[in-house]
Amino acid sequence: MLSDKKIFTHQDTLRGSITPERAWWDLTYYHLNIEVKPENKYISGKNTIQYTVLEPKNVLQIDLQDSLKITKVTQDGKILQVIDDGNAHFITLTKTQRKGAVNAIDVYYEGNPKVAIKAPWDGGFSWKKDDKGNDFIATSCQGLGASVWWPCKDHMYDEVDSMDISVTTPKNLMDVSNGRLTDTKTLSDGRKTYTWSVKNPINNYGVNVNIGDYVHFSEVYPGEKGPLDMNYYVLRDNLKKAKKQFKDAPKMMKAFEHWFGPYPFYEDGYKLVEVPYLGMEHQSSVTYGNKFENGYLGRDLSGTGWGLKFDFIIVHESGHEWFANNITDIDIADMWIHESFTAYSENLFLDYYYGKEAAAEYVIGTRKSILNNKPIIGVYGVNSEGSGDMYYKGANMLHTLRQLIQDDEKWRQILRGMNKTFYHQTVNTKQIEDYLSESTGIDLTAFFNQYLRDIRVPTLEYKFEKDKFKYHWTNIVSGFEMPIQITLDGKEQWIHPTTAWKTQTVASKALEIDPDFYVEYKKL
Ligand SMILES: [Zn+2]
């Protein structure tokens, strides 16, 4: 089912598909080296793009969006021809590209990058000031793509293996990017160049630049893989508030290592970085703008009170380290792999600290935001996300799946196994579906077709006729035969509805359907 009637363009295909000019080379390393000039909202610099030749071809596609301009591309010092097609740039290499060889190009660029309109959803560069008038700058580019601010192979399928990010800032300000700070140079006029090194594969939208009058504090967390350094960067005036609020960060780490396995980026450390927008799952550099308050900007998305027990941004955005940064979708049509599991992680955080009932209340409470107007999976090959239902409908789908497994320890091992099986990989929905069917021992084909590809909520139609209870499923896809738990005659029991009516003899008409299942019911 198509999610909407949007007409996709040639540019969408260039951006969203694995074009022939992308397919023949595999990214190995980036060195993004830029200067940021807030006085005229200008950036300039270059990206060194290193790759392995998979097939010996000689035209490659690099993406960089409108307002920025590629000024020069070189390979081994030779200037190369660039043919522009909107945001895609086709570069003709003159050097022989031997299969298996590791080559690099330098892409020089500059300009005024798109200004974020409503970061992080409509992102770009946020050029803000702190209360003292210092520049406070941050990038965000999920969906829109990293090519809104730097030249890259802007598709989810190919993650670079490692990356360095060098950022030159105005004097007295600091840049915080991904990974570890490996070098700081002060130029003669006081400007500073900060170099950050990422040792793990990273998706493009996870890369970020944050510049401000930062102060730093840190702690060492005794994690599953050993000591993990957790570093915090906040504006100078917010240090006291942050030291209190960021206690949720080690709490998060403890709960999520329990449920999902070791933090996936020990080599790069974990950071929480204050930014002038709400937040984003930037890898090993989670950005934070939740005002040092619990909830989502002080609100509880579930309406149950449980959402005020934790800082939503610390928990949700860090949950993405496992689902988005460790396990990454190969096409953003499959973005539910990021958001469903991460929205679900919010209730597992509560489960860890407040128990199973609190967790269930929270995730069930979030159902009020489900729209069921578009399928969760988007359109493939054109950089198109599915419905926002990928958050809380997805979370409730996973909560329903937990009920079907009937074994919480097994469910935990399945989630941990998933992070091990797909460690540092880009995956599609089919791989996740197959993994879950196999590891649960339940054929989940129809289950996922129902919740990911259809907008209808399975509805149990039932009626009482004399001493008979009759029930069946409606609003379902073909093959959907999910069992559910009910209480009938004071007895908890499983029933196995199908499209055909089933009948059982009862003494009373007192029926309760377990609210943990995301289904509807209708008495006839
Ligand atoms: Zn998210």
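Look a little higher up for the structure.
Residues numbered from 1 in each chain as written. Predicted model: local features only at pLDDT ≥ 70, side-chain atom pairs only at ≥ 80, totals over all residues. Heavy atoms only, no water.

K.L.:
I tried to follow the sheet that holds strand S25 (residues 484-488) on my own but got confused; where do I start?
P.N.:
To summarise the sheet geometry, strands pair through backbone hydrogen bonds and adopt either a parallel or an antiparallel arrangement. Read from one edge of the open sheet, three strands run S26-S25-S28, paired in antiparallel fashion. The two strands at the open ends of the sheet, each matched to only one other strand, are strand S26 (491-495) and strand S28 (511-513). Each neighbouring strand pair of the sheet contributes to a mean axis angle of 30 degrees, computed without reference to strand direction. Sheet topology note: the S25/S26 ladder contains five bridges and is antiparallel. Looking at S26, one finds that Ile486 is bridged to Gln493. (Pairing = 2+ DSSP bridges. Helix = DSSP H or I, 4+ residues; strand = E, 2+ residues; numbered from the N terminus. Axes fitted to C-alpha atoms, helices over the stretch in contact; angles between N-to-C directions.)

K.L.:
Can you help me understand the pairing of S25 in this one?
P.N.:
Along a regular strand, successive side chains alternate from one face of the sheet to the other. The buried fraction of S25 is high, at four of five residues. As consecutive antiparallel partners, S25 and S26 are separated by two residues, and within that stretch Asp489 has a phi angle of approximately 55 degrees, a positive value. Looking at chain direction, S25 and S28 are connected through three bridges and run antiparallel. Bridge assignment links Thr487 to a residue of S28, and that residue is Glu512. (Buried < 20%, exposed > 50% of the residue type's maximum accessible area, 1.4 Å probe, protein only.)

K.L.:
Just checking my understanding: could you explain unusual backbone geometry for this structure?
P.N.:
Most peptide bonds take the trans form, and the phi angle of most residues other than glycine is negative. For the bond from Ala119 to Pro120, the omega torsion is 0 degrees, close enough to zero to count as cis. Note that Pro120 resides in the loop between strand S8 (102-111) and strand S9 (124-129). For Asn383, which is not glycine, the phi torsion reads 55 degrees and is therefore positive. Its location among the elements puts Asn383 in the loop between helix H7 (356-365) and helix H8 (392-405). In this model, Asn475 sits at a positive phi of 60 degrees, which is unusual for a non-glycine residue. You can see Asn475 is positioned in the loop between strand S24 (468-474) and S25. Classification of Asn475 by relative accessible area gives partly exposed; the value is 35%.

K.L.:
I keep staring at the packing of helix H6 (residues 336-354) against helix H10 (residues 429-440) and nothing clicks. Help me out?
P.N.:
Axis angle and axis distance: for two packed helices, these are the angle between their axes and the distance between the axes, and together they describe the pair. Orientation of H6 relative to H10, taken along the N-to-C sense of each, is 45 degrees, at an axis distance of 11 Å. Our classification of the angle between H6 and H10 gives oblique. Touching Trp336, Ile337 and Phe341 of H6 are Thr429, Ile432 and Leu436, all from H10. Its residues placed into classes, the contact of H6 with H10 shows five nonpolar, one polar and no charged. (Parallel < 35°, antiparallel > 145°, perpendicular 65-115°, else oblique. Contact = heavy atoms within 4.5 Å. Nonpolar A, V, L, I, M, F, W, Y, C, P; charged D, E, K, R; others polar.)

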